[in-house]
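What the coordinates show
Here are the chains, one letter per residue:
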Amino acid sequence: MPFIRRTGLQFGWLQPTLLKLMKERNLPYPLQTFAIGMEESPDIKAARKVANHIGSEHHEVMFDAEEGIQAVDEVIFSLETYDITTVRASVGMYLVSKYIRKKTDSVVIFSGEGSDELTQGYIYFHKAPSSEEAAEDSERLLRELYMFDVLRADRTTAAHGLELRVPFLDHRFTAYYLSLPPELRIPKNGIEKYLLREAFENSDLLPKDILWRPKEAFSDGMTSIKKSWFKILQDHIEQQVDDIMMEKAAEKYLFNPPKTKEGYFYRQTFEKYYPGRADWLAHYWMPRWIHATDPSARTLTHYKSDINA
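Please read all numbers here as calculations on a predicted model, not as lab measurements. Residue indices follow the written sequence of each chain, beginning from 1 at its first position. Side-chain atom pairs in this predicted model are given and counted only at pLDDT of 80 or more, local residue features only at pLDDT of at least 70, and totals for whole chains, interfaces and linings cover all residues. Just so you know, side-chain values use all the structure's heavy atoms and leave hydrogens and water out.

**Here we look at the overall build of the chain**
By the criteria applied, helices consist of DSSP H or I runs no shorter than four residues and strands consist of E runs no shorter than two, each listed in order from the N terminus. Looking only at helices and strands, the chain features 16 helices and 5 strands. The C-alpha radius of gyration of the chain comes to 19 Å, within 12% of the 19 Å expected for a compact globule of 309 residues. Along the longest, intermediate and shortest principal axes, the C-alpha atoms of the chain span 60 × 45 × 35 Å. Taking all 309 residues of the chain together, the buried fraction comes to 54%. Here the analysis covers contacts within the chain between residues at least 6 apart in sequence; of these, 73% occur between residues at least 24 apart. The globule rule used here is 2.2 Å times the number of residues to the 0.38 power, and the radius of gyration it is set against is calculated over C-alpha atoms. Relative accessibility decides the category of a residue: with a 1.4 Å probe and only protein chains considered, values under 20% of the type maximum give buried, values over 50% give exposed, and everything between is partly exposed. Residues are treated as being in contact if the distance between any of their heavy atoms lies within 4.5 Å.

Written as structure tokens, this is what we have:
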């Protein structure tokens, strides 16, 4: 590992592995870890438990609804997209990146982008008709990362002058994982990312309850189970977009017309900065194989909360 001023990490699976590598190389600075959320955020609680387990220099970045809502305009400008789930998740990542830049001397940030796409971590993979179709969709998601998760991670960190590293997308690792038989890569025993989790089972790198913690999407996990981030946004946007605007949405926006007020609001903001560039986004990110009207994992029947994490 080349020497850098400091190494930081957003909360995720990479923490214990990176710490192990840092110790092997005897690097002269501590591993800093970061988690962001509102009060009663399950991700904040889980990140705290991991940080205590591995002994990192941990930062908890708290924000409220007003601060998150105020950041949406800057986030869409930085992202250059109006995709609903990408905008939602980017607010948290934008704010934690802002904190890292202002409050620490970390420069290079490690994050876990790509793991859900590669290892079939999304909840909707439980509904895949076959392991072969699941494998095909996993590859589709990887091809489209530039429009969604990698776009989010790259733009929100770069907006604050940080350098992002995404080890799960190392070409050697992705090539190996995709070479495995499709039936090994699907969710098992009701658990997504089963093969990846199982690889850590006999190590002490993660607490066992975190290792087998149910899937929690970033934009959901940073807010409480009682009121998700997407609901906070929708309640605010309800006052910004009226029914008449929605009735004319398909006429005003011929390509990827928004079907919800939230989608309309993001599209309107996007067009303010990038008029006529709607085709930068080929399609909205949505779960497959189920009747979903919203991309949030918390709206899916297979969602399982873990409020004690």
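**Digging into the side chain of S219**
Within the element layout of this structure, S219 appears in helix α12 (residues 218–221). Setting aside residues no more than four positions away along its own chain, S219 makes contact with R88, A89 and W229.

**Focus: unusual backbone geometry**
Generally, phi is negative for residues other than glycine and the peptide bonds are trans, each holding for most cases. We note that N189 has phi near 55°; this positive angle belongs to a residue other than glycine. When you line up the elements, N189 lands in the loop between α9 (182–185) and α10 (194–199).

**Remarks on a negative patch on the surface**
Residues form patches when they are more than 30% accessible in relative terms and have no salt bridge. Like charges link within 9 Å. Nonpolar side chains (Val, Leu, Ile, Met, Phe, Trp, Tyr) link within 5 Å. Note on areas: Shrake-Rupley with a 1.4 Å probe; residue coverage comes only from the protein chains shown. Any carboxyl oxygen of Asp or Glu that lies within 4 Å of a side-chain nitrogen of Lys or Arg is treated as forming a salt bridge with it. Positive residues here are Lys and Arg, negative ones are Asp and Glu, while His and the chain termini are left out of the count. Every charge is mapped to an atom, namely NZ of Lys, CZ of Arg, CG of Asp or CD of Glu. A surface patch of negative charge is lined by E132, E133, E136, E139 and E183. Take the negative patch: its biggest share by element is 4 residues, from helix α6 (residues 131–143). Inspection of the secondary structure assignment puts E133 in helix α6. On the basis of relative accessible area, E133 is assigned to the partly exposed category, the value being 35%.

**Some thoughts on helix α13 (residues 229–237)**
Listed as buried for α13 are W229, F230, I232, L233 and I237. Taken end-on, α13 shows its buried residues confined to a sector of 160°, consistent with a single buried face. Check the buried side of α13 and you find it contacts α3 (65–79), α4 (84–103), α12 and α16 (261–273). Within this analysis, the arc is defined by the directions that extend from the helix axis to the C-beta atoms.

**Brief notes about the pattern of salt bridges**
Evaluated as defined, the whole model comprises 25 salt bridges. When the shortest N-O distance is used, the salt bridge between E80 and R155 registers 3.4 Å. Placement of E80 in the loop between α3 and α4 and of R155 in helix α7 (residues 149–158) is noted, with a sequence separation of 75 residues between them. Overall, E80 belongs to the partly exposed group, its relative accessible area being 29%. You can call R155 partly exposed: its relative accessible area is 27%. With a shortest N-O distance of 3.0 Å, E113 and R152 are connected by a salt bridge. You can see E113 sitting in the loop between β4 (108–110) and α5 (115–119) and its partner R152 sitting in helix α7, a full 39 residues away along the chain.

**Re the packing of α3 against α13**
α13 packs onto α3 with a crossing angle of 70° between their chain directions and a minimal axis gap of 11 Å. Relative to α13, α3 is oriented roughly perpendicular. The hand of the α3/α13 crossing is right-handed. Mapping the contact onto sequence places A65, G68, I69 and V72 in α3 and W229, I232, L233 and H236 in α13. Split by residue class, the contact of α3 with α13 holds 6 nonpolar, 2 polar and no charged. Each axis is a line fitted through C-alpha atoms, taken for helices only over the stretch in contact, and angles between the N-to-C directions span 0 to 180 degrees. In what follows, roughly perpendicular refers to angles from 65 to 115 degrees, roughly parallel to angles under 35, roughly antiparallel to angles over 145, and oblique to any angle outside these ranges. Note on convention: near helix rotated counterclockwise from far helix by under a right angle means a left-handed crossing. Clockwise means right-handed. Only Asp, Glu, Lys and Arg are considered charged in this grouping, and only Ala, Val, Leu, Ile, Met, Phe, Trp, Tyr, Cys and Pro are considered nonpolar; every other residue, Gly among them, is considered polar.

**Considering the nonpolar core**
Nonpolar core, defined: a set of buried Ala, Val, Leu, Ile, Met, Phe, Trp, Tyr and Cys residues in which side-chain atoms within 4.5 Å join the residues together. Judged by nonpolar contacts, the single largest core of 47 residues is most densely connected at F63, V72, Y82, V91, L95, W229 and Y266. Within the residue set of this core, elements represented by two or more residues are β2 (31–37), α3, α4, α6, α13 and α16. Considering each element in turn, this core owes the most residues, 7 residues, to α4. Discounting chain neighbours no more than four positions away, the residues touching L95 are I36, F63, E67, G68 and A71.

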